[in-house]
Every structure is written in structure tokens, then in C-alpha cells.
Amino acid sequence: MTSSPLVRAISERLVKANFKPVQTPFRVASVSFDFTLAMRGSAGRSSDLIIIVDTTTGEFGDKEPTQVRRRVEALSRALDVTKSRLVLTVILAGAAMTGDIDELSEICRVLTVETIPVEPDGTPRDEIAKRMLDDRIRLLLPLEIPLRDAEGEVEFSPMDRLVNALPTDTDAGLRLAVVEGSRLGDEAVTASTATVIDAALEDTP
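So, a few notes on the structure that sits alongside this text.

What counts as what
- Residues numbered from 1 in each chain as written.
- Predicted model: local features only at pLDDT ≥ 70, side-chain atom pairs only at ≥ 80, totals over all residues.
- Heavy atoms only, no water.
- Helix = DSSP H or I, 4+ residues; strand = E, 2+ residues; numbered from the N terminus.
- Buried < 20%, exposed > 50% of the residue type's maximum accessible area, 1.4 Å probe, protein only.
- Contact = heavy atoms within 4.5 Å.
- Areas by Shrake-Rupley, 256 points an atom, 1.4 Å probe, with all protein chains shown as cover.
- Core = buried A, V, L, I, M, F, W, Y, C linked by side-chain atoms within 4.5 Å.
- Arc of directions from axis to C-beta.
- Polar contact = N/O pair within 3.5 Å; in protein donor to acceptor, adjacent residues only side chain to side chain.
- Pairing = 2+ DSSP bridges.
- Axes fitted to C-alpha atoms, helices over the stretch in contact; angles between N-to-C directions.
- Phe/Tyr/Trp six-rings, centres within 6.5 Å; stacked < 30°, edge-to-face > 60°.
- Salt bridge = Lys/Arg side-chain N within 4 Å of Asp/Glu carboxyl O.

1. Let's talk about the overall build of the chain
Part 1 of the argument: Of regular secondary structure, the chain possesses six helices and seven strands.
Part 2 of the argument: Reading the secondary structure of the chain in the N-to-C direction produces α-β-β-β-β-β-α-β-β-α-α-α-α.
Part 3 of the argument: Counting only residues that meet the buried cut, the chain has 35% of its 205 residues in that class.
Part 4 of the argument: If you take every contact in the chain between residues at least 6 apart in sequence, the share linking residues at least 24 apart comes to 56%.
Part 5 of the argument: For the chain, the accessible area works out to roughly 12,100 Å², and carbon and sulfur atoms hold 53% of it.

2. So, the nonpolar core
Part 1 of the argument: The biggest cluster of nonpolar side chains holds 22 residues, and the ones touching the most others in it are Ile10, Leu14, Ile50, Ile52, Ile91 and Val113.
Part 2 of the argument: Here the element with the most residues in this core is helix H1 (residues 5-16); it accounts for five residues.
Part 3 of the argument: Not counting residues up to four positions away in its chain, the partners in contact with Val113 are Leu6, Ile10, Ile91, Leu92, Ala93, Gly94, Leu133, Arg136 and Ile137.
Part 4 of the argument: The next biggest cluster of nonpolar side chains, apart from the first, holds 19 residues, and it includes Ala38, Val53, Val90 and Met97.

3. Regarding the environment of Leu49
Part 1 of the argument: With respect to the secondary-structure elements, Leu49 resides in strand E5 (residues 48-54).
Part 2 of the argument: Judged by relative accessible area, which is 5%, Leu49 ranks as buried.
Part 3 of the argument: For the pair formed by Leu49 and Phe19, sequence separation is 30 residues and the distance between their alpha carbons is 9.2 Å.
Part 4 of the argument: In this view, Leu49 contacts Met39, Arg40, Leu75, Leu79, Leu86, Val87, Leu88 and Thr89; residues no more than four positions away in its chain are not counted.

4. A closer look at helix H3 (residues 127-136)
Part 1 of the argument: When H3 is considered as a whole, its buried residues turn out to be Ala129, Leu133 and Asp134. With its buried residues spanning 135 degrees around the axis, H3 presents them on a single face.
Part 2 of the argument: Tucked inside the fold, the buried residues of H3 contact H1 and strand E7 (109-113).
Part 3 of the argument: Of the residues that open H3, the one with a side-chain oxygen 3.2 Å from the backbone nitrogen of Ile128 is Asp126.

5. Some thoughts on the sheet that holds strand E1 (residues 20-22)
Each strand in a sheet pairs with its neighbour through backbone hydrogen bonds, running either in the same direction (parallel) or in the opposite one (antiparallel).
Part 1 of the argument: With respect to topology, five strands assemble into an open sheet ordered E1-E4-E5-E6-E7, the strand pairing being mixed. The sheet is open, and its two edges are formed by E1 and E7, each paired on a single side. Between one strand axis and the next, the sheet turns through 30 degrees on average, direction left out of account.
Part 2 of the argument: Of the pairings in the sheet, the one linking strand E4 (residues 37-40) to E5 comprises four bridges and is antiparallel in character. Looking at the pairing, Met39 lines up with Ile50 of E5.

6. Some remarks on the packing of aromatic side chains
Centre distance and the angle of the planes are the two values used to describe a pair of aromatic rings.
Part 1 of the argument: Per the counting criterion, the structure on display carries two aromatic pairs.
Part 2 of the argument: Put simply, the rings of Phe26, Phe33 and Phe35 touch in pairs and so form one group of aromatic residues.

7. Describing the pattern of salt bridges
Part 1 of the argument: In this structure the tally under the stated criterion is six salt bridges.
Part 2 of the argument: A salt bridge links Asp134 to Arg13; the shortest N-O distance between them is 2.7 Å. Here the residue Asp134 occupies a position in helix H3, and Arg13 occupies one in helix H1, the gap between them amounting to 121 residues.
Part 3 of the argument: For Arg45, the salt bridge identified is with Asp48, shortest N-O distance 2.6 Å. With respect to class, Arg45 is no different from Asp48; both count as buried.

8. A look at the side chain of Asp48
Part 1 of the argument: Secondary-structure assignment places Asp48 in strand E5.
Part 2 of the argument: Residue Asp48 is classed as buried on the basis of its relative accessible area, which comes to 4%.
Part 3 of the argument: Looking at Asp48, its side chain comes within polar contact range of the side chain of Arg45, at 2.6 Å.
Part 4 of the argument: Excluding anything up to four places from it in sequence, Asp48 contacts Phe19, Met39, Arg40, Gly41, Val87 and Arg109.

Written out as C-alpha cells, the structure is:
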């Protein structure tokens, strides 16, 4: 199997965001599925299943909108049959697709990453290319918004500003748990908050 440099760029960026490749083909409800690339989230994004469709090289019929839609619909149905809680995201990498592909948004999250300047090994060519890639898949990335002053020096992040603005009597453990969990997603925030609350209840006479 060969993938375009753009697909390699996307996969490497997701790996840095703690997504892990899934061996393909994989099976769901006794049905085998083969896509250009599949990835699973970890920690607070463990419910995310990412499917990357390479519309440039067109493997597995990925240049044909109807075939792509049918295969994704089949995967979605298989996940429903198994009562899976995975959240399906399809990334269309490469040439834009129209027609039947528009219906995908009714069954899963769809992100489109069209041509971005990358090297043959998948490395974005410059900082602008890196930002373009991040912008296309922003929903899958941790929230990191560094601020800079007029001299270009890094200031406090919005998260730091929020922490500093909290009342001084806010429980330090709860504040830390929520802030750290927020870097990984809403599930991590819920889990972290529940852990702190449970611990507090256990200590209550």
C-alpha cells in the first residue's frame, strides 16, 4: 500500500496528538474494512476513530464518491450493530470530492484536507503549511493557543489566564484536575472531576 505525502503529513500530525494507527484491514461485526489509514485516539480522545481517505492515489476506489460513501456507511452500520461508542471521523485527503460524498456528513464528522505544500516524506514545507494542516484538522487537536506580545515574546496562554483568574479559595486539586483534563478533551475533564469529587466524599466523615 502506498500513501500520498499529504496522507503521511496528516498521520504524523495525528500521532503527535496521541492518535495511534490501527492495523488494516480491521473487522467490525465480522465484516472486514480496509481504508487508506485508520487511527484511534487515546486518553481523553479514546472514543475517536479516524478514517483517512486518500483521494489523490485513489486506493480502494477512493476517487469514486459513491464507493467511499458506501464503505463509510457500511462501517457506520457495523459500529451501530456492535453498539460501539466510537465517534467516527472521515478525513478526505487530496482532491476535492462532490456529489454523493456530501451525504457523509449525515452519518459522521467529515474533514477535508486539500492540497497543502508538503515534502515527499510528508513534512510540511514551512510554518504556513503547518498552520494550514492544523487548521484543517483542528477539531482533532489539543487546544493550544500561545499568545505573543508586540516584541514576539510568548505571554501566558488562555489556560494560564483562566487559572490565574479563578478565586484563590478554589480547591487546588480540583482546579489542577480540570485544567489538565481539558488538554485531552471533555471526557478527560469529566473523569478528572469525578475522581476529585469521589476522593473528597470518601474523606468526608
